[in-house]
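Letter by letter, the chains look like this.
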Amino acid sequence: MITKRLFAVELLLVAGLSTVFLLPQAPKTKPAGISLKLPIWVGDWIGDDAAVTQRELEVLAKDTQFARKIYTSPEGDAIVVSIVLSGDDMTTSIHRPERCLPAQGWSLLNTSQRAITVPNSVPLKTTRLSNVREMTAKDKQRFLLPNLTYYWFVGYNQTTPSHFARTMLDLRDRIMRGYNQRWAYVTVAATVTQGIARPEHTEAETDAMIKDFIGKLVPKLQRPGGGALLEDTTLSKNTP
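Since this is a predicted model, take the numbers as computed values, not measurements.

The pairing of strand β7 (residues 124-136) with strand β8 (residues 142-154) spans 10 bridges and is antiparallel. In the strand pairing of β8, N131 is matched with N147. Linking β7 to β8, which pair antiparallel, is a turn of five residues; within it K140 sits at a positive phi near 75°. Pairing of β8 with strand β11 (residues 184-191), which is carried by eight bridges, proceeds in the antiparallel orientation. From the neighbouring strand, L148 faces β11, where its bridge partner is A190. Connecting the antiparallel pair β8 and strand β9 (residues 159-160) is a turn made up of four residues.

Opposite charge on two side chains makes pairing possible when the charged atoms of those side chains draw close. All told, the structure shown has eight salt bridges when counted by the stated rule. The salt bridge partner of K69 is D49, with a shortest N-O separation of 2.6 Å. Taken as a pair, K69 in strand β4 (residues 65-72) and D49 in strand β3 (residues 45-49) lie far apart in primary sequence, 20 residues in all. Taking the relative accessible area as the measure of exposure, D49 reaches 65% and is therefore exposed. Note that D207 is salt-bridged to R128, the shortest N-O span being 2.8 Å. Here the residue D207 occupies a position in helix α6 (residues 203-217), and R128 occupies one in strand β7, the gap between them amounting to 79 residues. Grouping residues by exposure puts D207 and R128 together as buried.

It is worth spelling out the nonpolar core at this point. One finds I79, V81, V188, F213 and I214 to be the most contacted residues of the largest nonpolar core, which totals 30 residues. For this core, the elements supplying multiple residues, two or more each, are β4, β5 (78-85), β8, β11 and α6. No other element matches α6, which puts five residues into this core. Not counting residues up to four positions away in its chain, the partners in contact with I214 are I116, L124, Y150, W152 and V188. I94, L145, Y151 and F153 belong to the second largest nonpolar core, which has 11 residues in total.

Once that is clear, we can look at a nonpolar patch on the surface. Together, F164, M168, L171, I175 and M176 make up an exposed nonpolar region whose accessible area comes to about 490 Å². Positionally, M176 belongs in helix α5 (residues 163-177).

Analysis parameters
- Residue numbers here run from 1 along each chain, matching the order of that chain's written sequence.
- Under the rules for a predicted model, residues below a pLDDT of 70 receive no local features and side-chain atom pairs below 80 are neither given nor counted, while totals for whole chains, interfaces and linings still include all residues.
- Working from all heavy atoms in the structure, the side-chain values ignore hydrogens and water.
- Whether two strands pair depends on DSSP finding at least two bridges between them.
- Numbering of helices and strands runs from the N terminus; a helix is a DSSP stretch of H or I covering at least four residues, while a strand is a stretch of E covering at least two.
- Any carboxyl oxygen of Asp or Glu within 4 Å of a side-chain nitrogen of Lys or Arg constitutes a salt bridge here.
- Burial classification: accessible surface area is computed with a 1.4 Å probe over protein chains only, and a residue below 20% of its type maximum counts as buried, one above 50% as exposed, and the rest as partly exposed.
- Residues enter a nonpolar core if they are buried and are Ala, Val, Leu, Ile, Met, Phe, Trp, Tyr or Cys, with the set joined through side-chain atoms within 4.5 Å.
- Contacts are assigned to residue pairs with any non-hydrogen atoms lying within 4.5 Å of each other.
- The residues that make up patches have over 30% relative accessible area and no salt bridge, and they are joined within 9 Å when like-charged or within 5 Å when they are Val, Leu, Ile, Met, Phe, Trp or Tyr.
- Calculation of accessible area relied on Shrake-Rupley with a 1.4 Å probe; when residues are assessed, cover is drawn exclusively from the protein chains displayed.

Any functional reading would require information beyond the geometric quantities listed.
And the structure:
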């Protein structure tokens, strides 16, 4: 009886250890699903390169790649666009903007999910952040500067507005499919200028301006030969 039990235990151990060989030994990295080269023109908006902060370079992994431009409209409006493309270590390359905004002096007021219309494509699902930052005017008066920031994550052929969903998809791909999508995240931000600067825009007007801009920007970010940039992604879709 004891011999039979020992034999059964040995079989279980061998079967368990053998499953190790079924797991991917080294996840293959898929090409980036998004172009890291931001366009010069987005509709009537013209973009100028903007510097990446020293803090970003210090905190994020060394193989993280960046692209950043400040776009200006003919009327003088400004929108900041950033792309952060991860390296091999996702834990030190990709994070939610909610984590870094407070370090830049912004206070998060609320978060919501928004779908944005993109020509000839499914709607782009994004996360929208409403923020404020205390500033000092030339007359030494303190005031609050409102800001709206939209962001979303882009994989090889999938997008998601959720950091949690992106993490789960990344784990699924590495363990079940043996590859790394090499995720990037895109942020598009503008300040609400009503009562602060010209041209003046209310929050609703700023929001509409950003969404219209994103609708024109997204088709220009498609990587040549890449997968569907706006595949509608959920944890249940295409998940084993």
